[in-house]
Amino acid sequence: KQEVTQIPAALSVPEGENLVLNCSFTDSAIYNLQWFRQDPGKGLTSLLLIQSSQREQTSGRLNASLDKSSGRSTLYIAASQPGDSATYLCADSNSNDYKLSFGAGTTVTVRA
Amino acid sequence: DTGVSQDPRHKITKRGQNVTFRCDPISEHNRLYWYRQTLGQGPEFLTYFQNEAQLEKSRLLSDRFSAERPKGSFSTLEIQRTEQGDSAMYLCASSSVFHEQFFGPGTRLTVL
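All of these numbers come straight from a predicted model, not from anything done at the bench. (Residues numbered from 1 in each chain as written. Chains lettered and ligands numbered in written order. Predicted model: local features only at pLDDT ≥ 70, side-chain atom pairs only at ≥ 80, totals over all residues. Heavy atoms only, no water.)

Moving on, we get to the overall build of chain B. When helices and strands are counted, chain B shows zero helices and eleven strands. Listing every helix and strand of chain B by position from the N terminus yields β-β-β-β-β-β-β-β-β-β-β. By the compact-globule yardstick of 13 Å for 112 residues, chain B fits well, its C-alpha radius of gyration being 13 Å. Taken over the C-alpha atoms alone, chain B extends approximately 40 × 25 × 20 Å along its principal axes. Here chain B holds 112 residues, and the buried ones make up 47% of them. The long-range share in chain B, meaning contacts at least 24 apart out of those at least 6 apart in sequence, stands at 52%. Surface exposure of chain B reaches about 5800 Å², of which carbon and sulfur atoms provide 46%. Taking the average location of the 14 positive side-chain charges in chain B and that of its 13 negative ones, the two points are 7 Å from each other. (Helix = DSSP H or I, 4+ residues; strand = E, 2+ residues; numbered from the N terminus. Rg over C-alpha atoms; globule rule 2.2 N^0.38 Å. Buried < 20%, exposed > 50% of the residue type's maximum accessible area, 1.4 Å probe, protein only. Contact = heavy atoms within 4.5 Å. Areas by Shrake-Rupley, 256 points an atom, 1.4 Å probe, with all protein chains shown as cover. Lys, Arg positive; Asp, Glu negative; His and termini not counted. Charge placed at Lys NZ, Arg CZ, Asp CG, Glu CD.)

Right under this line is the structure:
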């Protein structure tokens with residue numbers, strides 16, 4: 001069974017600090033890995049998708065890396081802002097059925 | 001591209017009642033997924049469709065749950081004889097052949 005772990009469960013930083021969010025996974029046949037943002041009571045917004053053949057993806061202030069050999073992905077958010085406060089979830093999929101296996105998320109608070 | 005939509009956004013029901021949720025995927029997406037999310041946890045896979053065919057059902061999906069996707073367009077998820085443990089956010093996602101999943105806003109179910 002695929003397992004995805006996100007540590008820490010919660011993180012609080014002052015505005016302007018860079019954020020580093022960690023995700024580890026056990027699936028050796030990973031197809032891709034997605035990072036999502038979720039605001040309280042809302043659905044999931046896709047931030048970045050990394051294919052298994054890629055090592056990183058970038059979008060604006062966001063950068064995600066993927067290391068299949070160690071089973072880890074990291075989401076970097078540069079120069080954090082209060083509007084970045086949310087829960088960030090990572091999820092991997094395999095090439096058999098492409099369904100996502102999620103971590104429990106890291107809840108981020110950026111203090112003004 | 002109007003995104004994934006779900007209806008209703010919120011549903012409050014009494015234990016023992018039946019409820020039905022609807023999901024409209026992004027129009028050209030052939031895959032549709034249902035997930036369930038409880039407070040403080042990541043979403044868990046329930047079932048998915050490729051076009052109109054239901055290809056997999058999780059063990060989480062008891063016989064009180066049924067899902068359909070007639071004609072490969074919108075999908076419905078029905079829960080019969082609801083129980084308090086069914087209270088959760090029900091999320092729908094769709095994907096194309098490239099397998100990046102896009103989520104709807106979710107339906108929050110409260111069973112009293």
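Listed as interface residues are 20 residues of chain A and, on the opposing side, 21 residues of chain B. Taken together, the two surfaces of chain A and chain B that pack against each other cover about 1600 Å², and 52% of this comes from carbon and sulfur. Area buried by chain A at its contact with chain B is led by A:L44, A:Y98 and A:K99, which between them contribute 29% of it. Close ionic contact of B:E56 with A:K99 constitutes a salt bridge, the shortest N to O distance being 2.4 Å. (Buried area = accessible area lost by both parts, 1.4 Å probe. Salt bridge = Lys/Arg side-chain N within 4 Å of Asp/Glu carboxyl O.)

With that out of the way, let us pick up the sheet that holds strand β7 (residues 65-68) of chain B. All names here are of chain B. The strand order β1-β3-β8-β7 describes an open sheet built from four strands, whose pairing is antiparallel. Bordering the open sheet on either side are β1 (5-7) and β7, each of which pairs with just one other strand. The sheet shows a mean angle of 15° between the axes of neighbouring strands, taken without regard to direction. (Pairing = 2+ DSSP bridges. Axes fitted to C-alpha atoms, helices over the stretch in contact; angles between N-to-C directions.)

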